[in-house]
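This is what each chain is made of:
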Amino acid sequence: MSWVLQGVSILGGPPTDVLVDGGVIAEIGAGLRGEQTLDAAGLVALPGLVDLHTHLREPGREDAETVETGTAAAALGGFTAVHAMANTDPVADTAGVVEQVFHLGRAAGHCDVAPVGAVTVGLRGTALAELGAMATSAARVRVFSDDGVCVSDAGLMRRALEYVKAFDGVVAQHAEEPSLTVGAQLHEGVVSAQLGLAGWPAVAEEAIIARDCLLAGHVGSRLHICHVSTAGSVELIRFAKARGIDVTAEVTPHHLLLTDASATGYDPVFKVNPPLRTRADVDAVRAGLADGTIDAVATDHAPHATEDKETEWAAARPGMLGLQTALPIVAGLGLAWSVIAERMSSAPARIGRLPGHGRPIAVGEPANLCLFDPAATWTVDGHALASRAHNTPYEGMTMTGAVVATFLRGEPTVLDGKLT
Amino acid sequence: MNRHLLSAADLTRDDALLVLDTAAELAAVSDRSVKKLPTLRGRTVVNLFYEDSTRTRISFEVAAKRLSADVITFSAKGSSVSKGESLKDTALTLQAIGADAVVCRHHASGAPHTLSRWVEGSVVNAGDGTHEHPTQALLDAYTMRARTGRLEGLRVAIVGDVLHSRVARSNVLLLATLGAEVTLVSPPTLLPLGVDAWPAETSYDLDAVLPKTDVVMMLRVQRERMGAAYFPSEREYARRYGLDAARMAALPDEAIVMHPGPMNRGMEIAAEVADSVRSTIVDQVANGVSVRMAVLYLLLAGGQTADQGRGGAA
Amino acid sequence: MSLSASRPQPAAPWPPSSRRPVTGDRAAARAVLGDAEVGRVLARIAHEILERTSGDLDRLVLLGIPTRGVSLARRLGALCERFEGRPVRVGSLDVTMYRDDLALRGVRALAATDLPVDGIDGDTVVLVDDVLFSGRTVRAALEALNDVGRPREVQLAVLVDRGHRELPIRADYVGKNLPTSLSETVHVLLTEHDDRDAVLLGPAAFGGPDPTGPAA
């Protein structure tokens, strides 16, 4: 079925019509006709968003999220592709598991699901998983990560970086030196000292980033840094890029918005790994995102069952929902629409090697689109979000900007802010 | 409406002095043959102890009983909490039985805060993880005032494992509120990063601080810290940060020595210091009951019962 | 904590000040006893106490109920000593922890309980308070007394009895019986706490909220 998006603003440009037909953008111009018409006046068209970092929890914790509910949340958030992290149960460390996740994504149909493969067997950090088998599986895995834990052994990390070159893969590192974060609960600083919570020092992240950048430079490999959270990390990545090291980095919406001061009431909805940092860190990651030091925004969408969050801080699991609130938060940072498109679609698609995503909005390109109303306001209600879990840190907050429609290869997955 | 005692920072100067003054009047009750007051008759106080602490538990139990409250003690050992029942389920149980106050001791920092969101009664923090222990700070301040006659301008040194000490955190906050001057003395590894935001001075040198100190409070060193490279050995710790007779002699004549207990004699405090006339360690235990009576009275006596609260009565 | 949460509602000072704020319309308040009359009335009560106890001063204890009852007990003690030439034991008995109305009216700071060193067992205790109203304060005092000893006999002396008893309690010595309506307020001023000796009767609003309230 063909669609005309009437009066839409492409990346903030002048209103125009866009004809979507046969899964591609067929025509751009005035007075276009199609089988269906969508009044898109006042809406901004972005390429469909791509998330490098989503926890879909299936298999293993279907009580917290499933591929179906997680990808529904993704579509409602404007995403047309998500990378499903490997820390499921069983761990996505074999071709069998990544293919299962891939097919579940296909069956759900809300957005493309690109499984991430584990770097090491069982995320145990001791032996490489069968990375090549995952790469050549139906899931075509290109991003490998032990996210949730760090590949902390330098020798093993070096081998992983080298090995994935054979199939143009990338290792996405969860940068956390484990000996510096034993029992860590919250960013180490004034707030952790006051609350008596074991500190998660910035240097634990920065030390691994420094090491891995040097390793990637040494072996000439691609490296991706997950959820950069500190000012020091931004500086290190800037330095590595200036040296010509092939490193990319992502930042989460929550690290762009929230600080460790949120933890003062001990509400575990604010517990996340890496932890919320200081105002200075928030300013630094925003600046890094604006100047391109940080390539991408990734949600680190991490659903948790109520019983894992309604508990004392130390017993709670880290992580927060992010898919449906990501774009309004990033849109509020004052970036140009072209920059938002680059950071939330083109760059993550490039890093994850997803050829059909993150493309320009131009005739002949795949019709993966997100239509966003920058003026709409809505109040976050964890129970109204599509995820099975409700652990949003933005409960009760008013968001400016709402996803109105999402198109995946020319077919709407979301219309009028609702799943089709 | 805040009706809990979760942190020493919850207390204004007037609140804190009211607790101390009330405790001073209530101390007389302990000297009578009838050691009981009818004030909290019909109220239920639950002692919810997820962590062993015989002295704190008994202190709260005696305090509540002297005020005629019904006291129920839940210990982690031998009750549902040790069988993996969540804090939330326990809270719902307490709510259902109509607890007017929950005195909570927990190994996790912030657990009493979390609990206070789920129960209607008052929550009193009886020590949470490495966060706070506000009634200990109140009884320490009470003891200091009783022994030295003042708090304003009093020079207090808190010595030892500040990083993991809930006693230190509560004392720093309360003593600052009451106008005392606090110096934290600790090896650098046992001072939290971020301590510079606290209303206290810090020092690594106990010998330099002692001559300028009216009250020296020795913190307990947890044995389990020794394996974690916070300091090289027990012997080195005792030598650098332990209070022995020679160091005690460096204190001004009127200075007192405190310890929240239980002590590691020979480690942070020498036996002869613990048993000296300057030591307030026995007073601290006795004062604990009066101070906790005052806290329970001030939190509970004026309020409604949990039943009235649920019924929405004015 | 917020001790403030359970404090008496607005305008009442915390902790309750013993100095009564007489800020209202004083013209509306009528002095039912003035300086001289308070002194005369106390002298009469002192004589009556001596008469009733047959001059057995060794067994007599005057226990004032804070705040103004304590000052009155001290004055009565001094008068008895003047009349008999021998000292009389005087003390104070704080009844706060025995009140049955804390939940209604909020917690209050405690006052001192100060008993004779040799106790009160076997003695004649005269409780002294400024105003007798519902009788609840006296009930609390009797319970408090029960916990600190076993007197042979307990009597009650008040400067003013304003009626409206809610309990079967009566005073043995009354300075002045003062018929009042429930909407009226009685204030006792004593030089130990206030600018003069007087008993004032006024409308409910006068003089700010009455710290001893209608249940006193």
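Residues numbered from 1 in each chain as written. Chains lettered and ligands numbered in written order. Predicted model: local features only at pLDDT ≥ 70, side-chain atom pairs only at ≥ 80, totals over all residues. Heavy atoms only, no water.

A word on the overall build of chain A
- The helix and strand tally for chain A stands at twelve helices and 19 strands.
- For 420 residues, the compact-globule estimate of 2.2 N^0.38 gives 22 Å, and the C-alpha radius of gyration of chain A, at 20 Å, lies within 12% of that figure.
- Taken along its principal axes, the extent of the C-alpha atoms in chain A is 60 × 50 × 40 Å.
- Put simply, chain A has 420 residues, and 61% of those count as buried.
- A separation of at least 24 residues holds for 74% of the contacts in chain A among residues at least 6 apart in sequence.
- Here chain A has roughly 14,100 Å² of accessible surface; of this, 53% comes from carbon and sulfur atoms. (Helix = DSSP H or I, 4+ residues; strand = E, 2+ residues; numbered from the N terminus. Rg over C-alpha atoms; globule rule 2.2 N^0.38 Å. Buried < 20%, exposed > 50% of the residue type's maximum accessible area, 1.4 Å probe, protein only. Contact = heavy atoms within 4.5 Å. Areas by Shrake-Rupley, 256 points an atom, 1.4 Å probe, with all protein chains shown as cover.)

Structural notes on the overall build of chain C
- A count of helical and extended segments in chain C gives four helices and eight strands.
- For chain C, the α and β elements follow one another from N to C terminus as β-α-β-α-β-α-β-α-β-β-β-β.
- Taken across its 216 residues, chain C has 54% of its residues classed as buried.

Quick word on the sheet that holds strand β13 (residues 223-225) of chain A
Residues and elements named next belong to chain A.
- Pairing within the open sheet is parallel, and its five strands lie in the order β9-β10-β13-β14-β15. A strand with exactly one partner marks an edge of an open sheet, and here the two such strands are β9 (143-144) and β15 (296-297).
- Of the strands in this sheet, β10 (170-173) and β13 are in contact with helix α4 (residues 154-163), which crosses β10 at around 145°. (Pairing = 2+ DSSP bridges. Axes fitted to C-alpha atoms, helices over the stretch in contact; angles between N-to-C directions.)

Considering the environment of histidine 254 of chain A
All names here are of chain A.
- Of note, histidine 254 is situated in helix α8 (residues 253-257).
- Expressed as a C-alpha distance, the spacing of histidine 254 and threonine 230, which sit 24 residues apart in the sequence, is 13 Å.
- Leave out the neighbours within four places in its chain, and histidine 254 touches Val272, Leu276, Thr299, Asp300, Met320 and Tyr394.

Thoughts on the packing of helix α5 (residues 134-148) of chain B against helix α11 (residues 281-301) of chain B
All names here are of chain B.
- Where α5 contacts α11, the axes come no closer than 8 Å and their chain directions differ by 115°. Crossing handedness for the pair α5 and α11: right-handed. When α5 is examined against α11, the residues Thr135, Gln136, Leu138, Leu139, Asp140, Tyr142, Thr143 and Arg147 are found in contact with a partner set consisting of Asp283, Gln284, Asn287, Gly288, Val291, Arg292 and Val295.
- Broken down by class, the residue content of the contact of α5 with α11 amounts to five nonpolar, six polar and four charged. (Left-handed = near helix turned anticlockwise from the far one by under 90°. Nonpolar A, V, L, I, M, F, W, Y, C, P; charged D, E, K, R; others polar.)

Section: helix α12 (residues 337-351) of chain A
All names here are of chain A.
- In a regular helix each residue adds 1.5 Å, so 15 residues correspond to 21 Å; α12 covers 20 Å between its end C-alpha atoms and thus fits that length.
- Where α12 bends most, the angle comes to about 40°, and this point is arginine 343.
- Of the positions making up α12, those classed as buried are Trp337, Ile340, Ala341, Arg343, Met344, Ser345, Ser346, Ala347, Pro348, Ala349 and Ile351.
- Phi turns positive one or two residues past the end of α12, at arginine 353, with a value near 55°. (Expected span 1.5 Å × (residues − 1). Bend = angle between axes of the 7 residues up to and from the residue.)

Points about the interface of chain A and chain B
- Taken residue by residue, the interface counts 17 residues in chain A and 20 residues in chain B.
- At the junction of chain A with chain B, the criterion picks out one salt bridge.
- Inspection of the region where chain A meets chain B yields eight residue pairs in polar contact (both at pLDDT 80 or more).
- Here the side of chain A that touches chain B is built from residues that sort into eight nonpolar, five polar and four charged. (Salt bridge = Lys/Arg side-chain N within 4 Å of Asp/Glu carboxyl O. Polar contact = N/O pair within 3.5 Å; in protein donor to acceptor, adjacent residues only side chain to side chain.)

Comments concerning the side chain of threonine 124 of chain C
- Relative to the assigned elements, threonine 124 of chain C resides in strand β4 (residues 124-132).
- Other than its neighbours up to four places away in sequence, threonine 124 of chain C contacts Thr53, Arg59, Leu60, Val61, Arg152, Glu153 and Gln155 of chain C.

Brief notes about the pairing of strand β3 (residues 24-29) of chain A
- By the bridge criterion, five bridges tie strand β2 (residues 15-21) of chain A to β3 of chain A in an arrangement that is antiparallel. For leucine 19 of chain A, the partnering residue across the bridge sits in β3 of chain A and is glutamate 27 of chain A.

Description of the pattern of salt bridges
- For the structure shown, the criterion picks out 44 salt bridges over all chains.
- The closest approach of N and O atoms between arginine 61 of chain A and aspartate 63 of chain A, which form a salt bridge, is 2.9 Å.
- Arginine 61 of chain A sits in the partly exposed class, given a relative accessible area of 26%.
- In this structure, arginine 136 of chain C and glutamate 166 of chain C form a salt bridge, with 2.6 Å as the shortest nitrogen-oxygen distance. Of this pair, arginine 136 of chain C sits in helix α4 (residues 136-148) while glutamate 166 of chain C sits in the loop between β5 (153-161) and β6 (173-177); the two residues are 30 residues apart in sequence, bridging distant segments of the chain.
- Judged by relative accessible area, glutamate 166 of chain C falls into the partly exposed class, the value being 46%.
- Within the structure, one salt-bridge network assembled from shared partners comprises Arg41 of chain B together with Asp100, Arg136, Arg139, Glu143 and Glu166 of chain C.

Quick word on unusual backbone geometry
All names here are of chain A.
- Geometrically, the link from glutamate 58 to proline 59 is a cis peptide bond, its omega value of 5° lying close to zero.
- With respect to the helices and strands, proline 59 occurs in the loop between β6 (49-54) and α1 (67-76).
- Here the amide bond leading from asparagine 273 into proline 274 is cis, since omega sits at -5°, within 30 degrees of zero.
- Within the secondary structure, proline 274 is located in the loop between α8 and α9 (279-291).
- A positive phi angle is found at leucine 11, which is not glycine, with a value near 50°.
- Following the sequence through the fold, leucine 11 ends up in the loop between β1 (3-10) and β2.

Focus: the nonpolar core
Residues and elements named next belong to chain B.
- Core analysis: the biggest nonpolar cluster contains 88 residues, and Leu138, Met144, Ile158, Leu174, Leu184 and Tyr297 have the highest contact counts within it.
- The element that contributes the greatest number of residues to this core is α11, accounting for eleven residues.
- Per-domain counts for this core show at least three residues from each of domain 1 (8-133 + 285-311) and domain 2 (134-281). (Core = buried A, V, L, I, M, F, W, Y, C linked by side-chain atoms within 4.5 Å. Domains from an automatic or database assignment.)

Details of the arrangement of the chains
- Sorting the two pairs of chains in contact by contact count puts chains B and C at the top.
- One thing to see here is that chain A and chain C don't touch, and their nearest C-alpha atoms sit 15 Å from each other.

So, the packing of aromatic side chains
- For the structure shown, the criterion picks out six aromatic pairs over all chains.
- Ring geometry for tryptophan 337 of chain A against phenylalanine 372 of chain A: centres 5.9 Å apart, planes inclined by 65°, an arrangement best described as edge-to-face. Of this pair, tryptophan 337 of chain A sits in helix α12 while phenylalanine 372 of chain A is found in strand β16 (residues 369-379), placing the two residues 35 residues apart along the sequence. Comparing tryptophan 337 of chain A with phenylalanine 372 of chain A shows no difference in burial state: the two are buried.
- Through a chain of ring-to-ring contacts, three or more aromatic side chains come together here, namely Phe144, Tyr163 and Phe167 of chain A.
- Just above the ring of phenylalanine 133 of chain C sits the side chain of arginine 162 of chain C; from NZ or CZ to the centre is 3.9 Å. (Phe/Tyr/Trp six-rings, centres within 6.5 Å; stacked < 30°, edge-to-face > 60°. Lys NZ or Arg CZ within 6 Å of the ring centre and 35° of its normal.)

Some words on the side chain of threonine 181 of chain A
Residue and element names in this part refer to chain A.
- Residue position: threonine 181 is located in the loop between β10 and β11 (186-187).
- Given the relative accessible area of 8%, threonine 181 is considered buried.
- Beyond its immediate chain neighbours, meaning those up to four positions away, threonine 181 contacts Glu176, Trp200, Pro201 and Ala204.

Function cannot be inferred from these measures alone, as they are strictly geometric.
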